[in-house]
Amino acid sequence: MDFWHRMIALVRRPSVLIPALVVASTLAALAYVATPPRYVSSATLVMATTEYGSTEYDDPGIPANLTNPMLNFADSLRTAAAILIRAMNTPEVFDALGVEGGTTLVIGDGSADPQLLGVNGPFVSLSATGSSPEEVEALLRRAEEMMMSNLREWQSKLKAPERTFVTLAEVVPPSEPEADRSRTIRRVVFAFLAGLVMGLGGVYVTQRLIALRRRIRPGTDDDDADRTEAVPVGGLGDRDGDGAVRDEPGEGGRAEDRPTAVRARGG
């Protein structure tokens, strides 16, 4: 409690609070300048089949039942999307795409997107973060091209009919990169609080050191404090062996009738 009482007392003193605020504001400004903005861009793709569905007939005379790909979503497409997402989230793929340094790339199924909540479809969501708008936009484009290329290559290896290849269609193209200053704000707040604590803490420690130095200075101990003793006026008289003052008659009459004075003696 003594610590908090002293800190509250320090905060109430303008001579302490104002310099601490100046230090905190300076650190916050430096943190803002030293933290560059981060740019974020995102895109959403969906898996779809061709108009021929998932089957190609060997007999050209048998007409295929044409279906609308937008109405042909099924668990198989969601499974294919999950396989593609898992295959893209590897260190090798990130290295090939140039994800390094402060650049990040997130590939998911869109479950983190509030606009897709409740929609159970084969979505693939991409989000890139980097230090420049051009960097994040180019990263998203490279990621989309790699996913489409891998998806086509896998189906070719599985000897799937080309007319039934699953494709990726852009639902939301890469958005315009926007500056994200959340990291900057966190650093500014942290720097301001750290500067304020450092300023007040420095004053508190300084005051405690000064008080400690005064306490341990020679000649200020309690045993060396001045003490008082009552002695008779007109003479100190003689002391008995036990240190008591022995009464002796003098000019002022009996010792018990003479006024007394307080004499200070040290040690």
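Residues numbered from 1 in each chain as written. Predicted model: local features only at pLDDT ≥ 70, side-chain atom pairs only at ≥ 80, totals over all residues. Heavy atoms only, no water.

**Structural notes on the confidence of the model for the protein**
Low pLDDT means the predicted atomic positions in that stretch should not be read closely. Chain-level pLDDT for the protein is 75 on average; 68% of the residues reach the 70-or-more range. In the predicted structure, residues 220–246 sits below a pLDDT of 50 and forms 36 contacts with residues beyond four places in sequence or in another chain. Across residues 260–267 the pLDDT falls below 50, and counting only partners more than four positions away or on other chains, this stretch makes 16 contacts in the model. (pLDDT = per-residue confidence, 0-100. Contact = heavy atoms within 4.5 Å.)

**Examining a negative patch on the surface**
On the surface, a cluster of negative charge is contributed by Glu-134, Glu-137, Glu-176 and Glu-178. With respect to the secondary-structure elements, Glu-176 resides in the loop between β4 (167–172) and β5 (178–180). (Patch = residues over 30% accessible without salt bridge, like charges linked within 9 Å, V, L, I, M, F, W, Y side chains within 5 Å. Areas by Shrake-Rupley, 256 points an atom, 1.4 Å probe, with all protein chains shown as cover. Salt bridge = Lys/Arg side-chain N within 4 Å of Asp/Glu carboxyl O. Lys, Arg positive; Asp, Glu negative; His and termini not counted. Charge placed at Lys NZ, Arg CZ, Asp CG, Glu CD. Helix = DSSP H or I, 4+ residues; strand = E, 2+ residues; numbered from the N terminus.)

**Looking at the nonpolar core**
Judged by nonpolar contacts, the single largest core of 24 residues is most densely connected at Leu-105, Ile-107, Val-124 and Met-147. For this core, the element with the most residues is helix α5 (residues 133–157), which contributes six residues. Setting aside its immediate chain neighbours within four residues, Val-124 contacts Ala-43, Thr-44, Leu-45, Ala-81, Ile-85, Ile-107, Gly-108, Met-147 and Leu-168. If you look at the next biggest cluster of nonpolar residues, it comprises six residues, including Met-7, Leu-10, Val-16 and Leu-200. (Core = buried A, V, L, I, M, F, W, Y, C linked by side-chain atoms within 4.5 Å. Buried < 20%, exposed > 50% of the residue type's maximum accessible area, 1.4 Å probe, protein only.)

**Description of the pattern of salt bridges**
Overall, the coordinates contain four salt bridges when judged by the stated rule. With a closest N to O distance of 3.8 Å, Arg-141 and Glu-144 form a salt bridge. Taken as a pair, Arg-141 and Glu-144 lie in helix α5 at a separation of three residues, close to a single helical turn. Residue classification places Glu-144 among the buried residues on the basis of a relative accessible area of 4%. The shortest N-O distance in the salt bridge between Arg-152 and Glu-162 comes to 2.7 Å. Taken together, the residues span a long stretch of sequence, with Arg-152 in helix α5 and Glu-162 in the loop between α5 and β4 at a distance of 10 residues. A residue is classified by how much of its surface remains accessible, and Arg-152, at 43% relative accessible area, is partly exposed. We classify Glu-162 as exposed; its relative accessible area is 53%.

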